[in-house]
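# Examining the three-dimensional arrangement
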Amino acid sequence: MSSSKAVCCAEIKKASPRVPVIGVFAPCDPRIDEDSRTRAKNIVAMVADGISGQVVLPDKTPVAVVYSSVLVDSELQADIVARQFQQADVNILVCAPDTWAFPQLTTISLLQQFPAETPLNITCGNSGPKPGVVYAHAVAGAISQYGKMVHLNVGNWPDTGLKPQMSKPTATALIDWCYAAVTAVALRGRRVMVFGHDSMGMETALAHILPTRNTYGIEVTRLDMK
């Protein structure tokens with residue numbers, strides 16, 4: 001008979017709302033030269049730094065941003081980065097490819113270890129010696145085919161150099177998306193209250209509970225004023 005015992009959870013007086021955390025990573029191909037791999041790692045840090053401090057909650061608290069220096073070459077690295085992100089409570093994913101790679105072995109293998117509703121952004125430059133834009137379109141298409149929503153941000157950063165910087169329009173588009181993703185994650189599991197939800201019996205005045213629950217994860221508390 002096993003001597004192990006179940007562990008009782010620590011007491012919580014009041015549950016805190018879910019905190020959005022953004023995780024940035026990059027896929028790669030293990031056959032690519034070392035300079036290109038170093039550049040890819042630098043781009044992950046560049047993208048993460050470009051988001052950090054630029055996305056804030058309603059109380060002006062900056063949203064936490066983490067990144068992994070492990071390039072996702074295959075399922076092995078996908079598992080490692082997934083664990084890193086899970087330990088950091090990541091619930092929003094940003095993929096920043098700078099080279100070609102294999103979609104199923106990389107981003108798709110990582111993505112399957114997160115809830116289906118996890119927001120995913122793919123931000124890339126538009127060219128380069130080993131163009132990440134080719135990968136970005138391939139993985140976005142593959143993910144879309146199996147029914148998950150993904151956002152593709154084809155932007156610009158220099159095609160050469162170990163430490164490129166993304167253009168301002170690329171950063172602006174990414175930050176705008178991050179605000180939307182943070183809103184979606186923060187709202188999931190929250191509640192709204194509707195007063196007089198079926199005013200005068202009109203269909204347009206009804207709170208559509210199921211679409212709201214299925215799309216946004218929001219529960220509607222109804223207080224009938226009749």
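The structure displayed is predicted, hence computed values, not measured ones. (Residues numbered from 1 in each chain as written. Predicted model: local features only at pLDDT ≥ 70, side-chain atom pairs only at ≥ 80, totals over all residues. Heavy atoms only, no water.)

### Digging into the layout of surface pockets
Applied cut-off: Site definitions follow a grid-based scheme: protein atoms alone, a 1 Å grid, a 1.4 Å probe that fits but cannot get out for cavities, and for pockets an open set with protein on both sides within 12 Å along at least five of seven lines, plus lining residues having an atom within 4 Å of a point. Grid points are joined across faces, edges and corners, and a volume is the space filled by probe spheres set on the points. Helix numbering and strand numbering both begin at the N terminus, where a helix is a DSSP run of H or I of at least 4 residues and a strand a DSSP run of E of at least 2. Residue polarity follows a fixed list, in which Ala, Val, Leu, Ile, Met, Phe, Trp, Tyr, Cys and Pro are nonpolar, Asp, Glu, Lys and Arg are charged, and the others, Gly among them, are polar.
The computed volume of the largest pocket comes to approximately 630 Å³. Together, 28 residues line the largest pocket, and E117, T118, P119, A184 and R188 are the ones closest to its centre. Among the secondary structure elements, those contributing two or more residues to the lining of the largest pocket are α5 (168-187) and α6 (209-216). Broken down by element, the lining of the largest pocket gets its largest block of residues, seven residues, from α5. Across the lining of the largest pocket, the residue classes tally to 15 nonpolar, eight polar and five charged. As a volume, the second largest pocket reaches approximately 210 Å³. The residue makeup of the lining of the second largest pocket, split by class, is ten nonpolar, one polar and two charged.

### A closer look at the environment of Q113
Note the following rule: With a 1.4 Å probe rolled over the protein chains alone, any residue whose accessible area is under 20% of its type maximum counts as buried; one over 50% counts as exposed, and the rest are partly exposed. Two residues form a contact once any of their heavy atoms are found within 4.5 Å. In the analysis that follows, any N or O atom pair within 3.5 Å is treated as a polar contact, provided that within protein one partner can donate a hydrogen and the other can accept it, and provided that, for residues neighboring in sequence, both atoms belong to side chains.
Locating Q113 in the fold gives a position in the loop between α3 (104-111) and β4 (120-124). Q113 sits in the partly exposed class, given a relative accessible area of 22%. Note: C-alpha distance between Q113 and Q86 (27 residues apart in sequence) is 9.1 Å. Setting aside anything within four residues of it in sequence, one finds Q113 in contact with A78, D79, A82, R83 and Q86. A polar contact is formed between the side chain of Q113 and the side chain of R83, at a distance of 2.5 Å.

### Considering the nonpolar core
Rule in force here: In plain words, nonpolar cores are sets of buried Ala, Val, Leu, Ile, Met, Phe, Trp, Tyr and Cys residues tied together by side-chain atoms within 4.5 Å.
Among the nonpolar cores identified, the biggest contains 29 residues, and I22, V24, V47, I51 and V94 are the most heavily contacted of them. Looking at this core, the elements with two or more residues in it are β1 (21-25), α1 (34-51), β3 (92-95) and α5. With eight residues, the single largest contributor to this core is α5. V24 has contacts with V44, V47, A48, I51, V65, V66, Y67, S68, F85 and V94, leaving out every residue within four places of it along the chain. Counting residues in each nonpolar core, the second largest holds 25 residues, with V81, A82, F114 and A136 among its members.

### Details of helix α4 (residues 132-145)
In plain terms, the rule: Every helix has an expected span of 1.5 Å times one less than the residues it contains. Taking the helix axis as origin, the arc is that swept by the directions to the C-beta atoms.
In this model α4 runs 20 Å from its N-terminal to its C-terminal C-alpha over 14 residues, within 8% of the 20 Å that 1.5 Å per residue would give. Turning to α4, its buried residues are G132, V133, Y135, A136, V139, A140 and I143. Buried residues of α4 fall within an arc of 150° about the axis and therefore sit on the same side. Looking at the buried side of α4, the elements it contacts are β3, α3, β4 and β5 (151-154). G147 occupies a position one or two residues after α4 and carries a positive phi of about 100°.

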